[in-house]
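The primary structure of each chain is shown beneath.
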Amino acid sequence: MAGMLKFASPLIDEATIAGVAEVLRSGHITSGVWVERFEAALSEFVEGRPVRALTSATAAMEVALQLCDIGRGDEVITCAQSFFTVVNMIVKQGATPVFVDGDLVTRNIDLAAVAARIGPRTRAIIPTHWPGSLVDMDALHALARRHRLRVIEDAALVIGSHFHGRPVGAFGDLVTFSFHPNKNITSIEGGALVCNDEAEARRVEVLRFHGIERLPDGTRDVAFPGGKFNLPDVNARVGIAQLASLPQFLAHRRALVLRYFERFPADRGCVLPPRPADGDGQSWNMFCILLPDAMARSRKEFRDALAARGVATGISYEALHLSTIGRRFGYQRGDLPNTERIAARTVSLPLHAAMDADDVDRVCAACDDLLPGR
Ligand SMILES: Cc1ncc(COP(=O)(O)O)c(C=O)c1O
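Residues numbered from 1 in each chain as written. Predicted model: local features only at pLDDT ≥ 70, side-chain atom pairs only at ≥ 80, totals over all residues. Heavy atoms only, no water.

Visitor: Explanation requested: the site of the ligand in the structure shown.
Guide: Neighbouring residues of the ligand: 13 residues in total, closest Ala 57, Thr 58, Ser 178, Lys 183 and Tyr 317. Contacts to the ligand include Ser 178, whose side-chain N or O atom sits 2.7 Å from an oxygen atom. The side chain of Lys 183 places a nitrogen or oxygen atom 2.7 Å from an oxygen atom of the ligand. Protein contact buries 91% of the 390 Å² of open area that the ligand shows by itself. Looking at the shell around the ligand residue by residue, the class counts come to 5 nonpolar, 6 polar and 2 charged. (Near = heavy atom within 4 Å. Polar contact = N/O pair within 3.5 Å; in protein donor to acceptor, adjacent residues only side chain to side chain. Areas by Shrake-Rupley, 256 points an atom, 1.4 Å probe, with all protein chains shown as cover. Nonpolar A, V, L, I, M, F, W, Y, C, P; charged D, E, K, R; others polar.)

Visitor: In this structure, what is going on with the pattern of salt bridges? I would like to understand it.
Guide: A side chain of one charge can pair with a side chain of the opposite charge if their charged atoms are brought near each other. One pass over the structure, following the stated rule, counts 20 salt bridges. A salt bridge links Arg 208 to Glu 39; its shortest N-O distance comes to 2.8 Å. Of this pair, Arg 208 sits in the loop between helix H7 (198-207) and strand S10 (212-214) while Glu 39 sits in helix H2 (residues 33-45), and the two are 169 residues apart along the sequence. Residue Arg 208 is classed as buried on the basis of its relative accessible area, which comes to 12%. (Salt bridge = Lys/Arg side-chain N within 4 Å of Asp/Glu carboxyl O. Helix = DSSP H or I, 4+ residues; strand = E, 2+ residues; numbered from the N terminus. Buried < 20%, exposed > 50% of the residue type's maximum accessible area, 1.4 Å probe, protein only.)

Visitor: So what exactly am I meant to see when it comes to the nonpolar core here?
Guide: For soluble globular proteins, the rule of thumb is that nonpolar side chains tend to be buried together. Grouped together as the largest cluster of nonpolar side chains are 81 residues, with contacts concentrated most on Leu 65, Phe 177 and Leu 193. Element by element, the count of residues in this core is highest for helix H3 (residues 57-67), at 7 residues. Those residues in contact with Leu 65 that sit more than four places away from it in its chain are Ile 70, Val 76, Met 89, Ile 90, Gln 93, Ile 126 and Ile 152. In terms of nonpolar packing, the next biggest core, distinct from the first, is built from 28 residues, Val 257, Cys 270, Val 311 and Cys 367 among them. (Core = buried A, V, L, I, M, F, W, Y, C linked by side-chain atoms within 4.5 Å. Contact = heavy atoms within 4.5 Å.)

Visitor: Explain the sheet that holds strand S8 (residues 174-178) here, please?
Guide: Within a sheet, each strand pairs with its neighbour through backbone hydrogen bonds, oriented either parallel or antiparallel. If you walk across this open sheet you meet the 7 strands as S1-S9-S8-S5-S4-S2-S3, and the pairing is mixed. Pairing within the sheet leaves two strands with one partner each, and these edge strands are strand S1 (51-54) and strand S3 (96-100). Pairwise comparison of adjacent strand axes, ignoring direction, gives a mean angle of 20° for this sheet. One ladder, built from 4 bridges, connects strand S2 (residues 75-79) with strand S4 (residues 122-126); its direction is parallel. Following the sheet pairing, Val 76 is matched in S4 by Ala 124. Strands S1 and strand S9 (191-194) of the sheet are contacted by H2, whose axis makes an angle of about 130° with S1. Here helix H4 (residues 84-92) sits on the sheet in contact with S2, S3, S4 and strand S5 (150-154), set at roughly 150° to S3. (Pairing = 2+ DSSP bridges. Axes fitted to C-alpha atoms, helices over the stretch in contact; angles between N-to-C directions.)

Visitor: Just checking my understanding: could you explain the packing of H3 against H4 for this structure?
Guide: Relative placement of two packed helices is described by the angle separating their axes and the distance separating the axes. Orientation of H3 relative to H4, taken along the N-to-C sense of each, is 35°, at an axis distance of 9 Å. Crossing of H3 against H4: the hand is right-handed. For the pair H3 and H4, the contacting residues are Thr 58, Met 61, Glu 62 and Leu 65 in the first and Thr 85, Met 89, Ile 90 and Lys 92 in the second. When grouped by side-chain class, the residues that make up the contact of H3 with H4 number 4 nonpolar, 2 polar and 2 charged. (Left-handed = near helix turned anticlockwise from the far one by under 90°.)

Visitor: I tried to follow the side chain of Gln 81 on my own but got confused; where do I start?
Guide: For Gln 81, the position within the fold is in the loop between S2 and H4. Only 2.9 Å separates the side chain of Gln 81 from the backbone nitrogen of Tyr 317, close enough to count as a polar contact. Those residues in contact with Gln 81, other than ones at most four positions away along the chain, are Arg 107, Trp 130, Ser 316, Tyr 317, Glu 318, Thr 339, Ile 342 and Ala 343.

Visitor: Even after reading the chapter, I still don't get the pairing of S3, so can you show me in this structure?
Guide: For a regular strand, side chains alternate in direction, first toward one face of the sheet and then toward the other. Here S3 lies mainly inside the structure; 4 of its 5 residues are buried. As paired elements, S2 and S3 share 5 bridges and run parallel to each other. Directly across from Val 76, in S3, lies its bridge partner Pro 97. At this point the chain moves from S2, through H4, to the parallel S3, and the crossover so formed is right-handed. (Right-handed = clockwise from strand over helix to strand, strands pointing away.)

Visitor: Any chance you could explain unusual backbone geometry here in plain terms?
Guide: Where the residue is not glycine, phi is negative for most of them; where a peptide bond is considered, it is trans in most cases. Each neighbour pair has its own omega, and for Ser 316 with Tyr 317 the value is 0°, a cis peptide bond. Counting through the fold element by element, Tyr 317 comes out in the loop between helix H9 (299-308) and helix H10 (324-327). You will see that Asp 69, though not glycine, has its phi angle at about 60°, which is positive. If you trace the backbone, Asp 69 turns up in the loop between H3 and S2.

Visitor: Could you clarify how one ought to interpret the packing of aromatic side chains in this entry?
Guide: In this description, an aromatic ring pair is defined by two values, namely the gap between the centres and the angle between the planes. As enumerated under the stated definition, the model contains 9 aromatic pairs in all. Residues Trp 130 and Tyr 317 carry aromatic rings whose centres are separated by 5.4 Å and whose planes lie at 65° to one another, so their mutual orientation is edge-to-face. Highlighted residues: Trp 130 in the loop between S4 and helix H6 (137-146) and Tyr 317 in the loop between H9 and H10, separated in sequence by 187 residues. Tyr 317 carries the same exposure label as Trp 130, and that label is buried. Measuring from ring centre to ring centre gives 6.1 Å for Phe 163 and Phe 171, while their planes differ by 40°; the resulting arrangement is tilted. By relative accessible area, which is 14% here, Phe 171 ends up buried. Every member of this aromatic cluster is reached through a ring pair, and the members are Phe 83, Phe 84, Trp 130 and Tyr 317. (Phe/Tyr/Trp six-rings, centres within 6.5 Å; stacked < 30°, edge-to-face > 60°.)

Quick look at the structure:
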């Protein structure tokens, strides 16, 4: 049998490895000139908006909530079909998460449900964009403007996706990216926050480094307890090379997605992600299917059987409102049916730039074997 097909696998070329060695030998390995270069390249990528690098998208989300001054007594509306980062950072700020459902196919936040949950304590909306189809940003920002709400886009999965021809991050309010190794590009660990203006970006610099402000007399002061979220140069050196390769990585992932759509046994009751259309400008980070409800094998048995055939898989995501932290806010099973169905039946199949079409064929053949109704 061929070796195990990993669920995610970053592609780091030899030039990048040599570049990292140079940084390591330079004597300056934490935040410095490479972070500045990475931030400048990211800023260029989002049409000149200020960007600051952080140690993760989770750190970027925490700092974004702090920039919006969100805390105790405030409510933040978000989709329960997302990663733990979102609920964790809202709760860590002392605010209350208000969960709404997502679409069964695109998995994006239900904007009608968002509108219905806006109340006097609502301060912000956090949508998570999904690969293959973005949240309708025109409708979301119109709603946010109408109610004077901040929007923090969780764009961890979608760097390189476009809305009306413009890259995610180039417009809107605050936007977070992740450079974890299973994302479209990696900086080992890392993330970024796209800001509205230089004043906000300077505030991020304070919040990501202990909250330290430098005083005219050369001493330092802290008024707000900041984090320690500055990205090291070693990571930035990787990130900058990866950003340059993003177009190739995305083209490769998209070709693999098209192959999935050609080869996946489509008539066996699975819900597939949105089918790519020519020129749709969408990036693809994961290929998440929903297993049929009526299936003798449990999801765990299905995943174990795939693993036995050499295919690693993931789950994206559990239902945030039903997590122990989510239930603290009074949510229960049945509240958000699409999110709960996705959480129970989703399986993420391998999709990364280190795979080729044969790998996709292997995954699809294994699914063909294991899905009901053959
Ligand atoms: C949708 C989403 N948001 C945020 C994050 C957090 O990213 P990071 O690991 O960079 O903190 C993830 C990570 O998987 C994610 O999937």
